[in-house]
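Geometric and topological summary
Spelled out from the first residue to the last, the chains are:
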Amino acid sequence: MATSANPLATTCCIIGGGPAGIMLGFLLARHGIAVTVLEKHKDFFRDFRGDTIHPSTLELLYELRLLDKFLKLPQSQVAKLSGYIGDRTVTMADFSHLPTHAKFIALMPQWDFLYFLAAEAARYPSFTLRMGWEATGLIQDRDGTTRGVVANTADGPVEIPAALTVGCDGRHAISRVAAHLPLIDYGVPIDVLWLRIARLPSDPENALGYVNYGRLIVLINRSDYFQMGYIVAKGTFPQLQQEGLPSFHQSIERIVPFVAGRTAEIDSWDKVKLLTVQVNRLQEWCSPGLLCIGDAAHAMSPVGGIGINIALQDAVATANLLSESLLSGSATVHDLRSVQNYREAAVRNTQRVQVFAHRMLSHVLHSTGPFVAPLPFRIVTSLPGFRYLTARFIGMGLQPQHIKNH
Ligand SMILES: Cc1cc2nc3c(=O)[nH]c(=O)nc-3n(C[C@H](O)[C@H](O)[C@H](O)COP(=O)(O)OP(=O)(O)OC[C@H]3O[C@@H](n4cnc5c(N)ncnc54)[C@H](O)[C@@H]3O)c2cc1C
């Protein structure tokens, strides 16, 4: 523990209780390192964060001896990812041959996953989670070295001195702004509209991607409703609103015919949330006393549903690389840089694939009428091995991580 008269002082202060922050907090506490995670919301009940727990994450849970317990939680399991491209059904990925104990993606609301991980972390006395504490700045020396975090709480502002601060505060990270870490933005041609639509027991269990009539819709099964992602070309939401709700309903029903009659429940644009998609990365993930990981270091697009996986893998790599130094009370910039050196290639190459997929999606969004998949797409998706390669990329990522000393 950092030596300070302040009772809030800790060895590692993590800003952000998303997948990266909670996993890192858990793993550091497991090594006996004093860690405090700050989450600005009072609970985890938020949408828009992705519901996918991938085979490589399930493997991490296996290594942590938590897999059996996790599989008892309500969830649906998808062994194959299918897309309905025009009038064809295409299997895009088949996870059943992956070298993991769980050969499927588990779909569950992210709040259930975060509550599960946070409860496991809380079994370690050196883990502290502060819900409703919002980081507003960093404690910094004149030379820019970070010495902890300033946060707003219900009882007023507090300072949390820390040997290391880790920014896991997502795409709008205050950590990287406060530390003046420069950002490279890739530019993204799509946005996502996020809404709910009732689900009936007779609906397909694993309804996922639908491409047709210049639109792409993703449906995530949440038992009694579908979480729907309706992909639009960036900046076109106002035009859609001008065309009116009946036209929006019609467009959904034309692409996903089995929801016909249920779209009327979207009776106000207030029920449709616009989520702006970003893909970017920091040039430097760290400065003295501060490291950023997950979306704070590299915002991921929803394409492929892989951002959570990457954030969790960053967290595991960080714990593996920094635990020893933190056990001795501090981490040098050299230690912090080792995280970026180790993870950056996997992250950049994953983002390249996402940027390529955006270009493909952009073509789809600018087409009109019934969609016919181009010949190269049809050839590639019918090649033996295609589904296995996509399953490896989506399910395990380019650099699967393992828990050290499990
Ligand atoms: C529309 C959309 C859909 C997506 N769908 C998927 C999907 O299906 N599957 C998938 O794998 N990925 C998906 N992604 C990407 C995924 O959401 C991110 O890559 C992933 O959540 C990153 O995790 P993280 O822990 O780094 O950050 P986040 O999940 O963003 O967590 C950051 C946390 O920090 C907290 N926070 C922020 N600022 C502060 C502060 N100042 N003080 C304290 N706390 C703070 C936030 O409240 C939040 O809890 C999607 C992204 C978008 C935009």
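Since the structure is predicted, the reported quantities are computational estimates derived from the model, not experimental observations.

The rules behind the values
Residues numbered from 1 in each chain as written. Predicted model: local features only at pLDDT ≥ 70, side-chain atom pairs only at ≥ 80, totals over all residues. Heavy atoms only, no water. Helix = DSSP H or I, 4+ residues; strand = E, 2+ residues; numbered from the N terminus. Rg over C-alpha atoms; globule rule 2.2 N^0.38 Å. Buried < 20%, exposed > 50% of the residue type's maximum accessible area, 1.4 Å probe, protein only. Contact = heavy atoms within 4.5 Å. Areas by Shrake-Rupley, 256 points an atom, 1.4 Å probe, with all protein chains shown as cover. Lys, Arg positive; Asp, Glu negative; His and termini not counted. Charge placed at Lys NZ, Arg CZ, Asp CG, Glu CD. Domains from an automatic or database assignment. Buried area = accessible area lost by both parts, 1.4 Å probe. Salt bridge = Lys/Arg side-chain N within 4 Å of Asp/Glu carboxyl O. Polar contact = N/O pair within 3.5 Å; in protein donor to acceptor, adjacent residues only side chain to side chain. Nonpolar A, V, L, I, M, F, W, Y, C, P; charged D, E, K, R; others polar. Phe/Tyr/Trp six-rings, centres within 6.5 Å; stacked < 30°, edge-to-face > 60°.

Here we look at the overall build of the protein
A tally of regular secondary structure across the protein gives eleven helices and 20 strands. For 406 residues, the compact-globule estimate of 2.2 N^0.38 gives 22 Å, and the C-alpha radius of gyration of the protein, at 22 Å, lies within 12% of that figure. Considered along the principal axes of its C-alpha atoms, the protein spans approximately 65 × 45 × 35 Å. Burial status across the protein gives 56% buried among its 406 residues. Partitioning the contacts of the protein with sequence separation of at least 6, the portion at a separation of at least 24 is 74%. For the protein, the exposed surface amounts to about 17,600 Å²; the carbon and sulfur share of it is 56%. With 36 positive and 33 negative side-chain charges, the protein shows a spacing of 4 Å between the two charge centroids.

Structural notes on the domain arrangement of the protein
The domain architecture assigned to the protein consists of domain 1 (1-51 + 109-184 + 278-356) and domain 2 (190-233 + 235-275). If you average the C-alpha positions of domain 1 and of domain 2, the two centres end up 33 Å apart. Of the residues lining the interface, six residues belong to domain 1; the matching set on domain 2 comes to nine residues. A combined buried area of about 670 Å² lies between domain 1 and domain 2, and 61% of that area is made up of carbon and sulfur atoms. Remark: the boundary between domain 1 and domain 2 carries one salt bridge. Between domain 1 and domain 2 we count one residue pair in polar contact (both at pLDDT 80 or more) in total. Here the residues of the side of domain 1 that touches domain 2 are counted per class, giving four nonpolar, no polar and two charged.

Some thoughts on the packing of aromatic side chains
Counted by the stated rule, this structure contains twelve aromatic pairs. When the ring of Phe248 is compared with that of Trp269, the centres are 5.1 Å apart and the planes differ by 45°; the resulting orientation is tilted. Taken together, the positions of Phe248 in helix H7 (residues 245-255) and Trp269 in the loop between H7 and strand S17 (273-276) put the pair 21 residues apart, joining distant regions of the chain. In terms of burial, Phe248 and Trp269 fall into one category: buried. Within the aromatic cluster, the residues linked to one another by ring pairs are Phe44, Phe45, Trp111 and Tyr115.

Here's the deal with the side chain of Ser76
Tracing the backbone through its elements, the reader meets Ser76 in strand S4 (residues 76-78). On the accessibility criterion, Ser76 (8% relative accessible area) is buried. In contact with Ser76, other than residues within four places in its own chain, are Ile105, Ala106, Leu107, Glu205 and Asn221.

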